[in-house]
Amino acid sequence: GRPIPGLDPLMLLEICLEASSESMLVPAHIWTPWFSMLGSKSGFDSLEECFGDLSAHITAVETGLSSDAPMNWRVSDLDRVTLISNSDLHSPSNLGRNATVFRGTPGYSAIRATLADPTPDNFGGTIDMFPEEGKYHCDGHRKCGVCLEPEESLNHDCICPECGKPLTLGVLHRVVELADRDKNQLPDNIPPFEYIIPLNEILAGLFDCGVNTKRVRTVYNDLVQKHGPELEILRTMPPEQLDGDGVELLPEAIRRLRDGNVIRKPGFDGEYGVIRLFEDDERDKIQQAALVERARSMTARLGSRVEPLAHQTHNVESALKSPKPR
């Protein structure tokens, strides 16, 4: 669960530093509307407002599922801190769906030093899910099924057009509110960043079933056992190596993922978004074409064996139709 200590953030940081000068406090999912450093309900608009004269001790912040590095780069106040991306571990299968890449000797001191002074030699950037999948990316009202971009929300005075109640303002709205850079304007010396879709979610989309189904678990385990860690399959392994694993569209899905060629349905007001690699009809057509191609290939391989096989089939059918002996 998520502890709610009821302490002012500045007081919490003071307690940490009094306990040890080597302590490190990293604000997590900093844009989430309710319990976060820059969320729309937090009351803070900057590091200084949140941590006062101790803000220099904050060397890193965690961006959360609903934002990515480019969104955070629009706020120059965050240039002084290292952006990291961690998974909030609701279940073991979610471990690593967001990640931070460190280089060098693992250990607390090395991590602390890297966050204070990231360089290409010690910091490899972040791995994120697409921010639209986060459940507070856009503005909206879940009860009414209303999901709006910030500009649309402002046109409605941030009031739900269906019921007249206030909208829950999402991460994108809050970023736009605090941004002092255009979305195409980047700070200097930005670290690498990339996107992934968890492998079990990719498989569930290809099979048109739930992520926790037996079929997804079985194929996932087979792929990892054969090819190695999930992040290597998603990030570095040549997609053609997945040919012949019994999942027709997986190599193409990996290619589309790495190209950022995805279909995005953003999350809002606590409702997770959906990221897809294929439209339903497109997926079905490709799979049907693959089945036809396999059938043709099998027919070609059989060649002259097709006629004897047909003759044997006819004999079996005749035997089944003949009266059974008493």
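First things first, this report covers the structure right here in the doc.

## Quick notes on the sheet that holds strand β7 (residues 193-196)
Hydrogen bonding along the main chain pairs the strands of a sheet, whether they run parallel or antiparallel. With respect to topology, three strands assemble into an open sheet ordered β3-β4-β7, the strand pairing being mixed. Since the sheet does not close on itself, it has two edges, and those belong to β3 (99-102) and β7, each with one partner. With direction set aside, neighbouring strand axes in the sheet form an average angle of 25°. Here three bridges tie β3 to strand β4 (residues 123-129), and the two strands are oriented antiparallel to one another. Residue pairing in the sheet places T100 in a bridge with T126 of β4.

## What about the side chain of E133?
Mapped onto the elements, E133 comes out in the loop between β4 and β5 (139-141). Lacking a salt bridge, the buried E133 has R97 as its closest oppositely charged neighbour, with an N-O distance of 6.4 Å. In this view, E133 contacts E201, Y272, G273 and I275; residues no more than four positions away in its chain are not counted.

## Overview of the packing of helix α7 (residues 199-207) against helix α8 (residues 214-227)
With their axes 10 Å apart at the nearest point, α7 and α8 run at an angle of 125° to one another. When the axis of α7 is compared with that of α8, the two are oblique. Remark: the crossing between α7 and α8 carries right-handed chirality. Along its contact with α7, which presents L199, N200, L203, A204 and F207, the element α8 presents R215, V216, V219, Y220 and L223. Residues belonging to the contact of α7 with α8 are distributed by class as follows: eight nonpolar, one polar and one charged.

## Brief notes about the packing of α7 against helix α10 (residues 250-259)
Following both chains from N to C, one finds α7 and α10 inclined at 125°, their axes separated by 11 Å at the closest point. With respect to their mutual orientation, α7 and α10 come out oblique. The interaxial crossing formed by α7 with α10 has right-handed handedness. Judged by residue contacts, L199, I202 and L206 of α7 engage L250, A253, I254 and L257 from α10. Of the residues assigned to the contact of α7 with α10, the class counts are seven nonpolar, no polar and no charged.

## Considerations on α8
The first and last C-alpha atoms of α8 sit 20 Å apart over 14 residues, in line with the 20 Å expected at 1.5 Å per residue. Buried residues of α8: V216, V219, L223 and H227, and no others. Here the buried residues of α8 occupy an arc of 75° about the axis, which is enough to place them on one side. Summarising the geometry of α8, the exposed residues directed more than 90 degrees from the buried face are K214 and Q225. Residues of α8 that are buried make contact with α7, α9 (230-235) and α10. Just downstream of α8, G228 is the residue with a positive phi angle, here 105°.

About the criteria used
- Residues numbered from 1 in each chain as written.
- Predicted model: local features only at pLDDT ≥ 70, side-chain atom pairs only at ≥ 80, totals over all residues.
- Heavy atoms only, no water.
- Pairing = 2+ DSSP bridges.
- Helix = DSSP H or I, 4+ residues; strand = E, 2+ residues; numbered from the N terminus.
- Axes fitted to C-alpha atoms, helices over the stretch in contact; angles between N-to-C directions.
- Buried < 20%, exposed > 50% of the residue type's maximum accessible area, 1.4 Å probe, protein only.
- Lys, Arg positive; Asp, Glu negative; His and termini not counted.
- Salt bridge = Lys/Arg side-chain N within 4 Å of Asp/Glu carboxyl O.
- Contact = heavy atoms within 4.5 Å.
- Parallel < 35°, antiparallel > 145°, perpendicular 65-115°, else oblique.
- Left-handed = near helix turned anticlockwise from the far one by under 90°.
- Nonpolar A, V, L, I, M, F, W, Y, C, P; charged D, E, K, R; others polar.
- Expected span 1.5 Å × (residues − 1).
- Arc of directions from axis to C-beta.

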